[in-house]
Amino acid sequence: IAVLGPTFPNLAANVRKNVSDIYYIFVGRSLGCLGGSMVGGVVLDCMNAPTLLLALSMLGTTAGLYAIPWCKESLLLTILMSVIGGSMGILDTGGNVLALNTWGSEAGPHLQALHFSFAAGAFLAPILAKIAMGSPESEELAETEKTNQSVLKSVPTASTTPAPKDHHDEDFLWSYIIIGTYILLISIVFFVLYSKNSSAGDKSKASAQKDRLAKYHWPLVGLLFVFFLFYVGAEVTYGSYVFTYAVVFAEMTESEAAALNSVFWGTFAVCRGAAIFGAAFLSPATMIVMSLLCSAASSSALAFFAHYRALLWVGTAVYGASMATIFPSGISWIEQYTVVEGKSASLFVVGAALGEMCIPAVVGYLQGRFNHIPVVMYTAFATSVVTVLLFPVMYKLANTPQENDSKEVSDSETRKALLSNSRLTEDEEDEEDVKEWNDADFEVIEMNDKLKNSLKDTSPRIAGDSPAEVSLQPHLDNVLGNSPVAAGGSPGRQNGNLDWEKSE
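Residues numbered from 1 in each chain as written. Predicted model: local features only at pLDDT ≥ 70, side-chain atom pairs only at ≥ 80, totals over all residues. Heavy atoms only, no water.

Looking at an unreviewed UniProt entry, one finds the chain named MFS4B protein and attributed to Polioptila caerulea. Regarding the chain, the UniProt comment filed under Subcellular location (unreviewed entry) reads as follows: "Membrane". Listed under Sequence similarities (unreviewed entry) in UniProt, the entry text for the chain is "Belongs to the major facilitator superfamily." (UniProt positions renumbered as here; feature names shortened; annotations may be inferred.)

The subject of this paragraph is the overall build of the chain. Each helix and strand counted, the chain has 20 helices and 0 strands in total. Among the 504 residues that make up the chain, the fraction classed as buried is 43%. Long-range pairs, those at least 24 residues apart, make up 83% of the contacts in the chain between residues at least 6 apart in sequence. When the accessible surface of the chain is totalled, it reaches about 25700 Å², and 64% of it is carbon and sulfur. (Helix = DSSP H or I, 4+ residues; strand = E, 2+ residues; numbered from the N terminus. Buried < 20%, exposed > 50% of the residue type's maximum accessible area, 1.4 Å probe, protein only. Contact = heavy atoms within 4.5 Å. Areas by Shrake-Rupley, 256 points an atom, 1.4 Å probe, with all protein chains shown as cover.)

Turning our attention to the packing of helix α12 (residues 284–305) against helix α14 (residues 326–335). Relative to each other, α12 and α14 sit at 145°, their axes nearing to 9 Å. Along this stretch, α12 crosses α14, giving a crossing that reads as left-handed. Here Pro284, Ala285, Met287, Ile288, Ser291 and Leu292 of α12 lie close against α14, whose contacting residues are Ile326, Ser329, Gly330, Ser332 and Trp333. Per-class residue counts for the contact of α12 with α14 are 7 nonpolar, 4 polar and no charged. (Axes fitted to C-alpha atoms, helices over the stretch in contact; angles between N-to-C directions. Left-handed = near helix turned anticlockwise from the far one by under 90°. Nonpolar A, V, L, I, M, F, W, Y, C, P; charged D, E, K, R; others polar.)

On to the packing of α12 against helix α16 (residues 375–398). Running from amino to carboxyl end, α12 crosses α16 at an angle of 150°, the nearest separation of the two axes being 8 Å. Viewed along their axes, α12 and α16 adopt a mutual orientation that is roughly antiparallel. Regarding α12 and α16, the two cross each other, and that crossing is left-handed. Contact residues: Ala285, Ile288, Val289, Leu292, Ser295, Ala296, Ser299, Ser300, Leu302, Ala303 and Phe304 in α12; Met377, Tyr378, Ala380, Phe381, Ser384, Thr387, Val388 and Phe391 in α16. For the contact of α12 with α16, the class distribution of residues is 14 nonpolar, 5 polar and no charged. (Parallel < 35°, antiparallel > 145°, perpendicular 65-115°, else oblique.)

This paragraph deals with helix α11 (residues 254–278). Its 25 residues give α11 an end-to-end C-alpha distance of 35 Å, which sits within 8% of 36 Å, the value for a rise of 1.5 Å per residue. Turning to α11, its buried residues are Ala257, Ala258, Leu260, Asn261, Phe264, Trp265, Phe268, Ala269, Arg272, Gly273, Ala275 and Gly278. (Expected span 1.5 Å × (residues − 1).)

Taken as a whole, this structure holds 14 aromatic pairs when the rule is applied. Arranged with centres 5.9 Å apart and planes meeting at 65°, the rings of phenylalanine 227 and phenylalanine 228 form a pair that is edge-to-face. Here phenylalanine 228 falls in the buried class, since its relative accessible area comes to 0%. A ring pair is formed by tryptophan 333 and phenylalanine 391, whose centres lie 5.2 Å apart and whose planes are at 55°; its orientation type is tilted. Of this pair, tryptophan 333 sits in helix α14 while phenylalanine 391 sits in helix α16, and the two are 58 residues apart along the sequence. Across this residue pair, the class does not change: tryptophan 333 and phenylalanine 391 are buried. (Phe/Tyr/Trp six-rings, centres within 6.5 Å; stacked < 30°, edge-to-face > 60°.)

A surface patch of nonpolar side chains, about 500 Å² in accessible area, is lined by Phe304, Phe305, Tyr308, Leu311 and Tyr378. Here tyrosine 378 shows up in helix α16. (Patch = residues over 30% accessible without salt bridge, like charges linked within 9 Å, V, L, I, M, F, W, Y side chains within 5 Å. Salt bridge = Lys/Arg side-chain N within 4 Å of Asp/Glu carboxyl O.)

What follows covers the side chain of serine 299. You can see serine 299 is positioned in helix α12. When its relative accessible area of 0% is taken as the criterion, serine 299 is described as buried. When neighbours within four sequence positions are excluded, serine 299 is seen to be in contact with Tyr319, Ala380, Phe381 and Ser384.

Summed over the entire model, instances satisfying the criterion amount to 2 salt bridges. A salt bridge links glutamate 73 to arginine 16, with the nearest nitrogen and oxygen atoms 3.8 Å apart. Here the residue glutamate 73 occupies a position in the loop between α3 (50–67) and α4 (74–103), and arginine 16 occupies one in the loop between α1 (4–14) and α2 (24–47), the gap between them amounting to 57 residues. Its relative accessible area of 56% is what places arginine 16 among the exposed residues. Between aspartate 45 and lysine 343 there is a salt bridge, with the nearest N and O atoms lying 3.1 Å from each other. Of this pair, aspartate 45 sits in helix α2 while lysine 343 sits in helix α15 (residues 342–369); the two residues are 298 residues apart in sequence, bridging distant segments of the chain. Residue class for aspartate 45 comes out partly exposed when judged on its relative accessible area of 27%.

Set out below in structure tokens:
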């Protein structure tokens, strides 16, 4: 993305136009990025193969980069820029979704590394272009290189530079060829990954995640869309206009203004690199809150106390550092509460792209109308206030429990209560039964003892009793459990004993 800034005059010369006449290639690339983000989200959900989609998008980027240096018509150049923008939109959407699908809840450090690579590329691409051109002739390219390390380049700064009339130096094409070849190699790697992965497993995994949608899924996505619109718009606006602010309002020299711009993007890149390790220890919500507080404090200092040189330098450094981690932290944060599919991720990228297009354009228009007011600083402060107010609302919506979850909790509590009550009643019934049986056993034992004692008392008189009375004794023995039958004897033996007793 960043290679377009320093090679912009060469591209204008290649199509025989002035720089101010081909500003629409930025519009074409931005529209292509918007379209690619929206189409990529839908295609990603239908294909469910992010590795294949990324491979195809990078293949399209490679084709566009190879063709741009040889393009001699401005209309064709705009079409190629739109193709590259569409491929980049797909790449932005698919890359975030692939990281979330691969690492899930542990994707925080990986998302930070993914977005750090954007900052690293934005830093290295202009240097590569300068080396490839090998032209020490103008400092204009160096200034453009330093001021245009963002997705949308500062068109007003570049538009004041006319294209060299007879400049046909095509050394700049090597930067496009080198970057295109690098992207081609990465696309081959993704094709290999796609051939080794089974799409069935991805589909089953995706279907298993469908029931993890938050209660307010789409309101959350919409609010995060607005959140990213203001955040990315503020980031690109400050990076694009801080050079002009430093020259016009702070009355700095161009070298000092370029250094101030480098401080912003340098702290931005360094903080994104440090966030790779910080995300392993801090939650995404914590990182977002820290970033929002730092951005609010630094933007307040820049809006109201920037006339102090020291505060301008410190505020710029802190503002760049605070803006570094918000986008990847926001994506990893919402993934903890709901499923981030292709459509959701595409809305995030579309919101960021709209912020890149709209807010810098509005600031440029207002700055031209009110040239005595530092519009860029007030914009930074206003966007910080908006993002600080939006995040608590999103946090509240994300933590709202679903009705199914509350019903499940109440059902589980009811089941536990019923189980505990049933166990208590069963235990009580068992205790009562045992008590009843014990009481019955004691009554039987007492009755047996009384009968035995009474029999012992009447045994001396058995000889004088009548046969009818004597015949009752075996029955009593049976009742008391002392009969031969109860002791394991046979009925015949019992009858024998009775006959013997009668004969006696």
